[in-house]
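Structural overview
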Amino acid sequence: MFSRRQKHILLKFFSLFSVIRGYNILIIIIAQYLTAIYILAHDLPLREVVFDLNLFMLVLASSATIAGGYIINSFYDSEKDLINRPIKSQLDRLVSQNTKLSFYFLLNFIAVIMASYVSFRAVIFFSLYIFGIWLYSHKLKKLPFIGNLTSAILTITPFFAIFIYYRNFETVIFVHATFLFLIISMRELTKDLENIKGDLVQNYHTIPVVYGEKASKIMLTVLTLLTLIPSYLVLYKFEIGHMYLFFYTCILLLVVFLLLLWLSKTKTHYLILHNILKFIIVAGVFSILLINVDLVLSRIF
């Protein structure tokens, strides 16, 4: 049995893990490595990619920066989250705001140190990334369009770090990135619909607050239709192995998403839509393995 003090420490650990969304960071780490192995450095030996210390440092710097970003976002959104996510907010509040800020600065410092191992340009990249996350959390997320656009860009920024490192400029990479950007943009707008009550109370000028739910649904419909363009290009213009299964499944899920979107009226409905998009993003990470199932086996030796 745990002592009272041990239980208290354990609860604080889970609280901090909840704040930094450790499960999301784990997915991003896996996504960065799979992207490097299968897409950006597919012509290099597997060992050279997996045991590349520079890549490891970039991934660690990304993870530390993202964790810090979740902390500063939680710091500024604490009042709004009490309305939108009361249960999660109670867990997050087990760690004081001062402790969160201390971890925020520590994580950003670690990120810069990790980046400095790679190059000075990496330091500049992550310094700008850290600043961008702070600016978004403090100001930009309260603005319509700009907040959504910035959030989507910041979400895919860790992949740009790997992209710049390997300097792979194949067209298929930009098509994949466009598809991901559109799905993330849809998720951000769906989250705004889901959190409209807290945004109204805290005076956040999000798209649903300023333009209404109907206009937001029209925008989501347009974004959904736009995802068909990169989907078509990936399916019919490039060689993606068995990953075609993922894109056909996505098209089916997006049709379901659209049907449910125009029937949605409550927070629970929008949460379901949000989870559909989240599933597409997570499934997209692991579907990278389908590009070439034998690729890893053939590169081990």
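Structure: above.
Residues numbered from 1 in each chain as written. Predicted model: local features only at pLDDT ≥ 70, side-chain atom pairs only at ≥ 80, totals over all residues. Heavy atoms only, no water.

1. What about the overall build of the protein chain?
The criterion, for reference: Strands here mean DSSP runs of E at least two residues long; helices mean DSSP runs of H or I at least four residues long; both are numbered from the N terminus. Radius of gyration: over C-alpha atoms. The globule rule applied is 2.2 Å multiplied by the number of residues raised to the 0.38 power. Three labels apply to residues, based on accessible area from a 1.4 Å probe with only protein chains included: buried if under 20% of the type maximum, exposed if over 50%, partly exposed otherwise in between.
Secondary structure assignment for the protein chain yields 17 helices and 0 strands. Since a compact globule built from 301 residues should have a radius of gyration of about 19 Å, the 20 Å found for the protein chain is in line with a globular shape. Expressed as lengths along the three principal axes of its C-alpha atoms, the size of the protein chain is roughly 55 × 45 × 45 Å. A buried classification covers 47% of the 301 residues belonging to the protein chain.

2. Observations concerning the pattern of salt bridges
What counts, and what does not: For this analysis, a salt bridge means a side-chain nitrogen from Lys or Arg found within 4 Å of a carboxyl oxygen belonging to Asp or Glu.
For the coordinates displayed, the defined rule picks out 2 salt bridges. As a salt-bridge pair, R187 and E188 come within 2.9 Å of each other at their nearest N and O atoms. Take R187: its relative accessible area is 16%, and that puts it in the buried class. Between K191 and E188 there is a salt bridge, with its nearest N and O atoms 3.8 Å apart. Of this pair, K191 and E188 both sit in helix α10 (residues 171–194), 3 residues apart, which is roughly one turn of the helix. Assigned by exposure class, K191 and E188 land together as buried. Linked by salt bridges that have partners in common, R187, E188 and K191 make up one network.

3. Topic: helix α16 (residues 267–287)
Short version of the rule: Take the residue count of a helix, subtract one, and multiply by 1.5 Å to get its expected span. Residues count as neighbours in contact if any of their non-hydrogen atoms are within 4.5 Å of one another.
Look at α16: 30 Å from first C-alpha to last across 21 residues, which is about the 30 Å you get at 1.5 Å a residue. Among the residues making up α16, those that are buried are Y270, L273, H274, I276, L277, I280, I281, G284, V285 and S287. In this structure, the buried side of α16 is in contact with α2 (22–40), α10, α13 (213–226) and α15 (244–261).

4. Concerning the packing of aromatic side chains
Note the threshold: Whether two aromatic rings pair depends on their centres lying within 6.5 Å, for rings of Phe, Tyr and Trp, where Trp uses its six-membered ring; planes under 30 degrees apart make the pair stacked, over 60 edge-to-face, and the rest tilted.
Under the counting rule described, the total for this entry stands at 14 aromatic pairs. Ring geometry for F179 against F246: centres 6.3 Å apart, planes inclined by 80 degrees, an arrangement best described as edge-to-face. Linking F179 in helix α10 with F246 in helix α15, this pair joins segments that are 67 residues apart in sequence. A residue is classified by how much of its surface remains accessible, and F179, at 6% relative accessible area, is buried. The structure contains a cluster of three or more aromatic residues connected by ring pairs, namely F125, F126 and Y129.

5. Let's talk about a nonpolar patch on the surface
As a reminder, the rule being used: Patch definition: residues with relative accessible area over 30% and no salt bridge; like charges joined within 9 Å; nonpolar side chains (Val, Leu, Ile, Met, Phe, Trp, Tyr) joined within 5 Å. Residue burial considers only the protein chains on display, and all accessible areas are found by Shrake-Rupley using a 1.4 Å probe.
A contiguous nonpolar patch, built from L10, F13, F14, F17 and Y23 and spanning about 490 Å² of accessible area, is present on the exposed surface. If you tally residues by element for the nonpolar patch, the top one is helix α1 (residues 4–20), at 4 residues. Position of F13 relative to the elements: it lies in helix α1.

6. Considering unusual backbone geometry
Even without being a glycine, R21 presents a positive backbone phi close to 50 degrees. Inspection of the secondary structure puts R21 in the loop between α1 and α2. Unusually for a residue other than glycine, F145 sits at a positive phi of about 65 degrees. Note on placement: F145 falls in the loop between α8 (120–138) and α9 (146–166).

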